[in-house]
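Listed here are the chains, written in short residue letters.
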Amino acid sequence: MAKESSFDVVSSVDMQEVDNAYQQAARELTQRYDLKQSNSTIEFSRKDETFTVTAPSEFVAGQVVDVLNGKLVKRGIELGALKWGELEPVTGAAVRRRTQLVQGIDKDTAKRISKDIRDLKLKCKATVEGDKLRVSSASRDTLQQVIAALKERDYGQPLQFTNYR
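Residues numbered from 1 in each chain as written. Predicted model: local features only at pLDDT ≥ 70, side-chain atom pairs only at ≥ 80, totals over all residues. Heavy atoms only, no water.

Before we move on, could you go through the packing of helix H1 (residues 15-31) against helix H3 (residues 58-74) and cite the residues and values that matter?
Two numbers describe how H1 lies on H3: the axes approach to 8 Å, and their chain directions differ by 140 degrees. One way to sum up the angle between H1 and H3 is to call them oblique. As for the relative orientation of H1 and H3, their crossing is right-handed in sense. Judged by residue contacts, Val18, Ala21, Gln24, Ala25, Glu28 and Leu29 of H1 engage Val64, Val67, Leu68, Lys71 and Leu72 from H3. Considered class by class, the residues forming the contact of H1 with H3 number eight nonpolar, one polar and two charged. (Axes fitted to C-alpha atoms, helices over the stretch in contact; angles between N-to-C directions. Helix = DSSP H or I, 4+ residues; strand = E, 2+ residues; numbered from the N terminus. Parallel < 35°, antiparallel > 145°, perpendicular 65-115°, else oblique. Left-handed = near helix turned anticlockwise from the far one by under 90°. Contact = heavy atoms within 4.5 Å. Nonpolar A, V, L, I, M, F, W, Y, C, P; charged D, E, K, R; others polar.)

See the structure below:
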């Protein structure tokens with residue numbers, strides 16, 4: 001009997017790269033001519049995995065978000081891993097915008113992925129293990145087909161395929 005092959009479907013973000021991108025974006029806010037005197041700030045809470053952008057207006061907040069997004073992309077962080085909230089008024093015309101980093105696959109998304117794998121009608125098995133999904137099959141070709149099918153779909157967060165064996 002052939003040995004079972006498997007891989008894990010996970011959604012994770014390298015926090016060191018996120019921290020590096022945050023440091024670069026904060027430095028650019030103090031050096032860039034159009035943002036230097038704007039009293040804009042970016043705060044990053046590593047514990048809560050959240051960013052908070054504060055700016056004097058919606059337009060400047062959009063520019064600060066663009067700077068942050070640019071630094072994250074350069075560091076290899078997919079922007080789908082950020083869940084941006086709405087603009088909140090602070091004081092006067094100032095606004096604040098928060099974002100949450102998505103780590104792990106929640107139960108509903110895992111069920112959707114598992115259902116999509118079953119709908120492929122391939123000989124493989126998908127099991128939910130905490131915040132990841134393990135897909136196993138006797139055929140490595142089947143696993144490659146599952147990976148290709150999952151890459152084509154959008155689940156609202158970036159997916160990585162790890163522990164392929």
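Give me unusual backbone geometry: which residues, what numbers.
In this structure, Asn39 is a non-glycine residue whose phi angle is positive, near 60 degrees. Mapped onto the elements, Asn39 comes out in the loop between helix H2 (33-36) and strand S2 (41-45). The backbone phi angle of Glu49 is positive, close to 55 degrees, even though this residue is not glycine. Within the element layout of this structure, Glu49 appears in the loop between S2 and strand S3 (50-55).

Could you give an account of the packing of aromatic side chains, naming the residues involved and the relevant values?
Inspection of the entire model under this criterion finds four aromatic pairs. Members of the aromatic cluster, joined through ring pairs, are Tyr22, Phe44 and Phe51. (Phe/Tyr/Trp six-rings, centres within 6.5 Å; stacked < 30°, edge-to-face > 60°.)

Describe the pairing of strand S6 (residues 95-101), with residues and values.
Sheet topology note: the S3/S6 ladder contains six bridges and is antiparallel. Residue pairing across strands places Ala55 opposite Val95, the latter belonging to S6. With three bridges joining them, strand S4 (residues 82-84) and S6 adopt antiparallel strand pairing. Bridged to Trp84 within S6 is Thr99. (Pairing = 2+ DSSP bridges.)

Could you give me a rundown of the nonpolar core, with the residues and numbers involved?
Within the largest apolar cluster, 25 residues are counted, with the highest numbers of intra-cluster contacts made by Val18, Ile42, Phe44, Phe51, Val64 and Leu72. It is H3 that provides the largest number of residues to this core, a total of seven residues. If sequence neighbours within four positions are ignored, Phe51 has contacts with Val18, Tyr22, Ile42, Glu43, Phe44, Leu68, Leu82, Arg97, Arg98 and Thr99. In this structure, Ile113, Leu150, Tyr155 and Leu159 belong to the second largest nonpolar core, which totals 14 residues. (Core = buried A, V, L, I, M, F, W, Y, C linked by side-chain atoms within 4.5 Å. Buried < 20%, exposed > 50% of the residue type's maximum accessible area, 1.4 Å probe, protein only.)

Please set out the sheet that holds strand S7 (residues 125-129) residue by residue, giving values where relevant.
As summarised here, the arrangement of the four strands in space is S7-S8-S1-S9, forming an open sheet in which the pairing is antiparallel. Because the sheet does not close on itself, it has two edges, and the strands there are S7 and strand S9 (160-162). Neighbouring strand axes in the sheet, compared pairwise and without regard to direction, differ in orientation by 25 degrees on average. Where strand S1 (residues 5-10) and S9 come together, three bridges link them in antiparallel fashion. Bridge assignment links Val9 to a residue of S9, and that residue is Phe161. Running over the sheet, helix H4 (residues 107-119) touches S7 and strand S8 (132-137) and is turned about 20 degrees from S8. Here helix H5 (residues 140-152) sits on the sheet and contacts S1, S8 and S9; the angle it forms with S1, its principal contact strand, is near 15 degrees.

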